[in-house]
Amino acid sequence: MKFSEDVLKTLNLEQQEEREPVNVMQVADMLLFMKTCAERIVQKSRHYMDTVDAEVQMDCMDIVTAKLNDYAQVFKDLIIFMRMDEKTYRGGNSLRYCISAFDSFEFQQTDVEKRFLQELLLRNEITHDYFNRELHQQKLIWIMQNCSEGAMDVYRNLNEYLMEHGLLDKYVDKAGISWFESR
């Protein structure tokens, strides 16, 4: 049996081009990603509270869980970058270290922002402790209902700091968490 060229083209059987992982990102792009994550956390938290449909609520929880993970990672990378820029970085890279480092910048934090940062550690539990997932889900719901807006407050503080210090055009190299000038 012979196939025509047209049929083969419609099946899109050509090999996909492999790409190398990108480990370098501009600070402004990192902030944009963080803002997008924060907006989704807030949006899906509100949607969760506005519905009684259990399936929709579960979808909202899944989305917030994923975005909380992304948010925590970019938060950590930005805090380490800021510490490196001010030459006070001593090698810590845990989420707990980065939350403490954020507090040391003496931002004017809202109450909801403080609560959100305290609860951000749940990301570690959700990611690594599936044995207690029901307990973690209850805590996630509490965050969604009580302090998800704090994600935007943290973003605003970081954005303002990085803008004021002229760091938006810098690049962060994830491979070694280093930074360099824009090209």
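Coordinates for the structure precede this section.
This section reports on the structure supplied with the text.

Rules and cut-offs
- Residues numbered from 1 in each chain as written.
- Predicted model: local features only at pLDDT ≥ 70, side-chain atom pairs only at ≥ 80, totals over all residues.
- Heavy atoms only, no water.
- Patch = residues over 30% accessible without salt bridge, like charges linked within 9 Å, V, L, I, M, F, W, Y side chains within 5 Å.
- Areas by Shrake-Rupley, 256 points an atom, 1.4 Å probe, with all protein chains shown as cover.
- Salt bridge = Lys/Arg side-chain N within 4 Å of Asp/Glu carboxyl O.
- Lys, Arg positive; Asp, Glu negative; His and termini not counted.
- Charge placed at Lys NZ, Arg CZ, Asp CG, Glu CD.
- Helix = DSSP H or I, 4+ residues; strand = E, 2+ residues; numbered from the N terminus.
- Buried < 20%, exposed > 50% of the residue type's maximum accessible area, 1.4 Å probe, protein only.
- Expected span 1.5 Å × (residues − 1).
- Polar contact = N/O pair within 3.5 Å; in protein donor to acceptor, adjacent residues only side chain to side chain.
- Arc of directions from axis to C-beta.
- Contact = heavy atoms within 4.5 Å.
- Axes fitted to C-alpha atoms, helices over the stretch in contact; angles between N-to-C directions.
- Parallel < 35°, antiparallel > 145°, perpendicular 65-115°, else oblique.
- Left-handed = near helix turned anticlockwise from the far one by under 90°.
- Nonpolar A, V, L, I, M, F, W, Y, C, P; charged D, E, K, R; others polar.
- Phe/Tyr/Trp six-rings, centres within 6.5 Å; stacked < 30°, edge-to-face > 60°.
- Lys NZ or Arg CZ within 6 Å of the ring centre and 35° of its normal.

## Concerning a negative patch on the surface
- On the surface, Asp-53, Glu-55, Asp-59 and Asp-62 cluster together into a negatively charged patch.
- Residue placement: Asp-53 occurs in the loop between helix H2 (27–50) and helix H3 (54–85).
- By relative accessible area, which is 38% here, Asp-53 ends up partly exposed.

## Regarding unusual backbone geometry
- Its identity is not glycine, yet Lys-87 carries a phi of approximately 60 degrees, on the positive side.
- Examined against the element boundaries, Lys-87 turns out to sit in the loop between H3 and helix H4 (95–104).
- One non-glycine residue, Glu-106, lies in positive phi territory at about 60 degrees.
- Tracing the chain through its elements places Glu-106 in the loop between H4 and helix H5 (111–119).

## Quick word on H3
- Its 32 residues give H3 an end-to-end C-alpha distance of 46 Å, which sits within 8% of 46 Å, the value for a rise of 1.5 Å per residue.
- Where H3 starts, the residue carrying a side-chain oxygen 2.9 Å from the main-chain nitrogen of Glu-55 turns out to be Asp-53.
- Among the residues trailing H3, Lys-87 stands out with phi positive, at a value near 60 degrees.

## Quick notes on the pattern of salt bridges
- Within the structure shown, the criterion is met by five salt bridges.
- A salt bridge links Asp-70 to Lys-67; the shortest N-O distance between them is 3.5 Å. Placement of the pair is Asp-70 and Lys-67 together in helix H3, with a separation of three residues, close to one helical turn.
- A relative accessible area of 27% places Asp-70 in the partly exposed class.

## A word on H5
- Where H5 is concerned, the buried positions are Val-112, Glu-113, Phe-116, Leu-117 and Glu-119. Down the axis, H5 shows its buried residues gathered within 165 degrees of arc, on one side only. Exposed and oriented more than 90 degrees from the buried face of H5 are Asp-111 and Gln-118.
- As for H5, its buried residues are in contact with H3, H4, helix H6 (122–128), helix H7 (133–146) and helix H8 (150–164).

## Overview of the environment of Phe-105
- Its place among the elements puts Phe-105 in the loop between H4 and H5.
- When residues no more than four places from it in sequence are discounted, the contact partners of Phe-105 are Met-82, Arg-83, Glu-86 and Tyr-161.

## Some remarks on the packing of H5 against H7
- It is at 11 Å that the axes of H5 and H7 come closest, and there the two elements cross at 165 degrees. Of the possible angle classes, the one that applies to H5 and H7 is roughly antiparallel. For the pair H5 and H7, the crossing hand works out as left-handed. On H7, the residues that touch Val-112, Arg-115, Phe-116 and Glu-119 of H5 are Lys-139, Trp-142, Ile-143 and Asn-146.
- Looking at the contact of H5 with H7 residue by residue, the classes come out as four nonpolar, one polar and three charged.

## Examining the packing of aromatic side chains
- For the structure on display, the rule yields eight aromatic pairs.
- Relative to Phe-107, the ring of Phe-102 has its centre 4.7 Å away and its plane inclined at 40 degrees; by these criteria the two rings are tilted. Each member of the pair, Phe-102 together with Phe-107, is buried.
- Here Phe-107 and Tyr-161 contribute two aromatic rings whose centre-to-centre distance is 6.1 Å and whose plane-to-plane angle is 90 degrees, an arrangement assigned as edge-to-face. Taken together, the residues Phe-107 in the loop between H4 and H5 and Tyr-161 in helix H8 connect sequence positions 54 residues apart.
- Given the relative accessible area of 14%, Phe-107 is considered buried.
- An aromatic cluster is built from Phe-75, Phe-102, Phe-105, Phe-107 and Tyr-161, whose rings are joined through pairwise contacts.
- Above the ring of Phe-105, the side-chain terminus of Arg-83 is found at 4.8 Å from the ring centroid.

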